[in-house]
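Structural characterization, general
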Amino acid sequence: MTDVSSPFPLGRTARLAVFASGRGSNLAALIAAFLPVPEVAAPDAAAAEACVALVVCDRAEAGALGLARAAGVPAVHVPFGRDRVGFEAAAQRELERHNIDLIALAGFMRILSPGFAATWRGRLLNIHPSLLPSFPGLHAVRQALAAGVDRSGCTVHFVDAGVDTGPVIERRDVPVLGGDDEDALQARIQDVEHVAYPAAVRAVLRGEATFPGSMEAVP
Ligand code: GRF
């Protein structure tokens, strides 16, 4: 594998892969921000910073797959199977075939291995619907409501070997309103996610947000 230390800015349009398991509203926001085909993009430097070049879904029925294909983005279903070894090997082949520079996990409901996270260190992002480090893991919105907090939000972070533990790139607040249920709060958090994720990707591409600390040996 290539050296992963501080690869950004690249000086060319970055090729972004999105991993998704669900309906894909964050994928839609990333496609809107980073047009899939840079050659036909408006002559706008911000739009040309990246293009969504690949979508990987572990579930064949994920809305994200259809959404990607409708937008003209190469999209593959990579089944997770019994373990993540086969998934990660197949996904890695697709990432190399499509010359991917940066991966955005967007509602991807699988935990990737520490080895995969190390290979993509500084180039693997995730979005989570809470103000991390509060409420990591599943049902983050439900956890926030159960804890009775008066504000929650979303966090975009680099992925490390843990679950929702990597260095934070972007964190945005959303107030919890009286009478909020899980659906209502989640919907308002998602509206904010759709702005936060493209902003975080831009910060990484510009070299404004980097994975701190020394680089590990790549396996
Ligand atoms: C988002 O709320 C994200 O924070 C979480 O999963 C959800 C995915 O939603 N990791 P969508 O598929 O992007 O609509």
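Quick note: structure is the one above.
Quick look at the site of the ligand
All residues adjacent to the ligand are Arg23, Gly24, Ser25, Asn26, Gly107, Ile127, His128, Pro129, Gln190 and Glu193. At a separation of 2.9 Å, an oxygen atom of the ligand approaches a polar backbone atom of Asn26. Separating an oxygen atom of the ligand from a backbone N or O atom of Pro129 is a distance of 3.5 Å. In the complex, 87% of the free accessible area of the ligand, which totals 370 Å², lies under the protein chains. In this structure, the ligand is accommodated by the largest pocket. Mapped by element, the contributors of at least two residues to the shell around the ligand are α1 (25-33), β5 (124-128) and α6 (182-205). A breakdown of the residues in the shell around the ligand according to their chemical character gives two nonpolar, six polar and two charged.

Looking at the layout of surface pockets
Empty space within the largest pocket amounts to approximately 930 Å³. Looking at the largest pocket, it is lined by 37 residues, and the ones nearest its centre are Gly107, Phe108, Met109, Ile127 and Pro129. For the lining of the largest pocket, the elements supplying multiple residues, two or more each, are α1, β5, α5 (140-147) and α6. In terms of residue count, the dominant contributor to the lining of the largest pocket is α6 (four residues).

Cut-off values and rules
Residues numbered from 1 in each chain as written. Predicted model: local features only at pLDDT ≥ 70, side-chain atom pairs only at ≥ 80, totals over all residues. Heavy atoms only, no water. Near = heavy atom within 4 Å. Polar contact = N/O pair within 3.5 Å; in protein donor to acceptor, adjacent residues only side chain to side chain. Areas by Shrake-Rupley, 256 points an atom, 1.4 Å probe, with all protein chains shown as cover. 1 Å grid on protein atoms, 1.4 Å probe; cavity = no way out; pocket = protein on both sides within 12 Å on 5 of 7 lines; lining within 4 Å. Sits in = over half its atoms within 2 Å of the grid points. Helix = DSSP H or I, 4+ residues; strand = E, 2+ residues; numbered from the N terminus. Nonpolar A, V, L, I, M, F, W, Y, C, P; charged D, E, K, R; others polar. Points joined across faces, edges and corners; volume = space filled by probe spheres on them.

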